[in-house]
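As a plain string of letters, each chain reads:
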Amino acid sequence: MKYNIIIFDADMTLFDFEKAEKYALENSISYFNYIYSEKEHLPMYKTHNKSVWDEFEDGKISAQDLKTERFRRFFKETNIKINPNEFSDKYMDFLKESSFLLKGAKELIEEIHTDFRLVIITNGLSKVQNMRIRNSEIANYFEEIIISEDVGVKKPDSEIFKLTLDRINHTKKEDVIIVGDSLRSDIKGGLNFGIDTLWYNPNNNKNNTEIKPKYEAHDFLELKKIIYKQK
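Here the structure is a predicted model, which is why all the values come from computation and not from measurement. (Residues numbered from 1 in each chain as written. Predicted model: local features only at pLDDT ≥ 70, side-chain atom pairs only at ≥ 80, totals over all residues. Heavy atoms only, no water.)

Asker: Would you mind going over the overall build of the chain with me for this structure?
Answerer: Helix and strand counts for the chain stand at ten helices and six strands. A compact globule built from 231 residues should have a C-alpha radius of gyration of about 17 Å, and the chain, at 18 Å, falls within 12% of that. When its C-alpha atoms are laid out on the principal axes, the chain stretches across 55 × 35 × 35 Å. Residues classed as buried in the chain amount to 53% of the 231 residues present. (Helix = DSSP H or I, 4+ residues; strand = E, 2+ residues; numbered from the N terminus. Rg over C-alpha atoms; globule rule 2.2 N^0.38 Å. Buried < 20%, exposed > 50% of the residue type's maximum accessible area, 1.4 Å probe, protein only.)

Encoded structure:
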């Protein structure tokens, strides 16, 4: 078998972050006595959240500022009058409860964990990701769960990959592959570090970037075929 270590991204690779995000936003807005509108609020918030996370991954904003800046922008557009800091705390309380898995993710990990050493690297906030991931049904199958805020470095920085392999006492890059849904974070990070990359792309998104993954899978069955054909 060529691969020994499989590094997984968390959200939208194994975990259903869209469902978690919707759950947290709806419950947080209701908590502060506003009427939640999925049609209006959810797409608006997702736009601001993605923009701020992109800035974070580009090193333009800190993890601390990220927590509130996305809500500050969201409230400015909606004219909702809530303190962004207070809302952020409540939102993360709801989000950390949301260990929702993508359909088929549990079965995938249960099937492959005896053949590969599994690790998670996630660009996330410690308060949220620690509970969401470690309380999930698949947490015990991973040797390490690396959260960017915990270690002070994020994908696509190659340092987070080096730190991860140091944690599991592994030195060879040739038998390591990263699986993730983000070209600019997961795949670029794997390329920066010099390991094989698998872009998990269930929505058949076009790659309009210069970032070229070694493999591409559109569902978990295809993903399994790719990692097992290396035997």
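The structure having been displayed, the exposition proceeds.
Asker: What's the story with unusual backbone geometry in this structure? I'm lost.
Answerer: The general pattern is negative phi for most residues beyond glycine and trans for most peptide bonds. For the peptide bond that leads from Lys-155 to Pro-156, omega is 15°, which places it in the cis range. Structurally, Pro-156 is set in the loop between helix H7 (148-151) and helix H8 (158-167). The backbone of Met-12 sits at a positive phi, close to 65°, despite the residue not being glycine. Along the polypeptide, Met-12 turns up in the loop between strand E1 (5-8) and helix H1 (17-31). Positive phi, normally seen in glycine, also occurs at Asn-169, with a value near 60°. One can find Asn-169 in the loop between H8 and strand E4 (176-180).

Asker: I keep staring at the sheet that holds strand E5 (residues 196-200) and nothing clicks. Help me out?
Answerer: The strands that make up a sheet pair up through hydrogen bonds in the backbone, lying either parallel or antiparallel. Here six strands make up an open sheet; going across it, the order is E3-E2-E1-E4-E5-E6 and the pairing parallel. Because the sheet does not close on itself, it has two edges, and the strands there are strand E3 (144-147) and strand E6 (215-217). Taking the axes of each pair of neighbouring strands and ignoring which way they run, one obtains an average angle of 20° across the sheet. Direction of pairing for E1 relative to E4: parallel, over a ladder of four bridges. In the strand pairing of E4, Ile-5 is matched with Val-176. Most of the contacts of helix H5 (residues 105-112) go to E1, to which it runs at about 160°, and overall it touches E1 and strand E2 (117-122). Together, E1, E2, E3 and E4 form the strand contacts of H8, whose direction differs from that of E3 by roughly 155°. (Pairing = 2+ DSSP bridges. Axes fitted to C-alpha atoms, helices over the stretch in contact; angles between N-to-C directions. Contact = heavy atoms within 4.5 Å.)

Asker: Could you clarify how one ought to interpret the pairing of E1 in this entry?
Answerer: Each regular strand displays side chains that alternate between the two surfaces of the sheet. Of the two faces of E1, the one lined by Ile-5 and Ile-7 and the one lined by Ile-6 and Phe-8 are each fully buried. Sheet topology places E1 next to E2; four bridges connect them, and they run parallel. The residue of E2 that forms the bridge with Ile-7 is Val-119.

Asker: Explain the packing of aromatic side chains here, please?
Answerer: How two aromatic rings sit relative to each other is given by the distance of their centres and the angle of their planes. Enumeration over the complete set of coordinates arrives at 17 aromatic pairs. Note on Phe-71 and Tyr-91: the rings are 5.0 Å apart at their centroids and 65° apart in plane angle, and the pair reads as edge-to-face. With Phe-71 in helix H3 (residues 63-78) and Tyr-91 in helix H4 (residues 84-95), this pair connects stretches of sequence that are 20 residues apart. One exposure class covers both Phe-71 and Tyr-91, and it is buried. In this structure an aromatic cluster arises from ring pairing among Tyr-31, Phe-32, Tyr-45, Phe-71, Phe-74, Phe-75, Phe-87 and Tyr-91. It is Lys-19 that lies over the ring of Phe-100; its NZ or CZ is 4.6 Å from the centre. (Phe/Tyr/Trp six-rings, centres within 6.5 Å; stacked < 30°, edge-to-face > 60°. Lys NZ or Arg CZ within 6 Å of the ring centre and 35° of its normal.)

Asker: Quick question: what am I supposed to make of the pattern of salt bridges here?
Answerer: Note that side chains of opposite charge can pair when their charged atoms are close. Evaluated as defined, the whole model comprises 22 salt bridges. With a closest N to O distance of 2.9 Å, Asp-9 and Lys-155 form a salt bridge. Residue Asp-9 is located in the loop between E1 and H1, and its partner Lys-155 is located in the loop between H7 and H8; the two are separated by 146 residues in the primary sequence. Given the relative accessible area of 0%, Lys-155 is considered buried. Glu-69 serves as the salt-bridge partner of Arg-72, at 2.6 Å between the closest nitrogen and oxygen. Residue Arg-72 and its partner Glu-69 are both found in helix H3; the two are separated by three residues, about one turn of the helix. Its relative accessible area of 41% is what places Arg-72 among the partly exposed residues. (Salt bridge = Lys/Arg side-chain N within 4 Å of Asp/Glu carboxyl O.)

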